[in-house]
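# Observations on chain architecture
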Amino acid sequence: MSELELRQAIIDQCRAMNASGLNQGTSGNISVRHGGRMLITPSAIPYAGMTPEMIVSMPIEGDASKWEGPKKPSVEWPFHLDILRARPEIGAVVHTHSTFATILAIARKPIPACHYMIAAFGGHDVRVCDYARYGSKELSENVIKALEERSACLIANHGMIATGPSLDKAMWAAVELETIARQYYHSLLIGGPVILSEEEIAGVLQGFASYGLQEKRS
Ligand SMILES: [Zn+2]
């Protein structure tokens, strides 16, 4: 995909996540790795009026203040950049304040193995990272920790992050995470879920590995 196509794909996915109800307003943001640079949505621009040249380009290594574009990057750029720096296998990061993931993040409830699809995020749970102010270095550090051996996490009193090797896969993961969050929330209302064992989740991970759903991690 050319850089222009990638910039347009970011805008298309931003519009799709608002149309589907996954995100509201301009609170969500998306970044994609392109060579040695990160392409990221600009700050506070409604998706309807966003054009490819407004997507901000930032070096992944080196001086982040050397970003390029007519608009400032999303205020959440630090954790996008730090995830791409820390995790070379990740090609795209989707961040939203989607309702059910955020409800659990507000209650600081990690998502346990209430459904076998939890394994799509790398293990038997999806953690909630500790609270820190949006856009801060401390939040970046908390997010990186919660993402250890995982491809997604909830952010305390804030929202969620889903990642993937490509933009399409990261967006798929964001939709899947919100779905499990919604299912887990509702299961709590009818007496609570039965949690799958570590062995059962290990079996699912093996199955995913052979079908290619779970990206191999080194
Ligand atoms: Zn946010």
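Predicted model, so just to flag it, every value in this text is computed and none were measured.

Another aspect to go through is helix 4 (residues 137-146). Along helix 4, the residues classified as buried are Leu139, Ser140, Asn142, Val143 and Ala146. Along the axis of helix 4, the buried positions cluster into a sector of 165°, meaning they face one direction only. In helix 4, the exposed residues that point more than 90 degrees away from the buried face are Lys137 and Lys145. Looking at the buried residues of helix 4, the elements they touch are helix 2 (77-86), strand 5 (128-129), strand 6 (152-155) and strand 7 (159-164).

Looking now at the coordination of the zinc ion. The protein atoms donating to the zinc ion are Glu76 (OE), His95 (NE2), His97 (NE2) and His158 (NE2), with metal-donor distances spanning 2.0 to 2.1 Å. Each of the four donor atoms around the zinc ion contributes to a set of angles spanning 96 to 145°, which defines the coordination as irregular. The sequence pattern formed by the donor residues of the zinc ion is E-x18-H-x1-H-x60-H. Pair noted here: Glu76 is in the loop between strand 3 (56-59) and helix 2 and His158 is in the loop between strand 6 and strand 7, with a separation of 82 residues, a long-range link. Residue Glu76 is classed as buried on the basis of its relative accessible area, which comes to 4%.

Criteria and cut-off values
- Residues numbered from 1 in each chain as written.
- Predicted model: local features only at pLDDT ≥ 70, side-chain atom pairs only at ≥ 80, totals over all residues.
- Heavy atoms only, no water.
- Buried < 20%, exposed > 50% of the residue type's maximum accessible area, 1.4 Å probe, protein only.
- Helix = DSSP H or I, 4+ residues; strand = E, 2+ residues; numbered from the N terminus.
- Arc of directions from axis to C-beta.
- Contact = heavy atoms within 4.5 Å.
- Donors = N, O, S within 2.8 Å, 3.2 Å for Na, K, Ca; no water.
- Tetrahedral: all angles 85-135°; square planar, octahedral: opposite > 155°, others 65-115°.

Read these as spatial facts, not as claims about activity.
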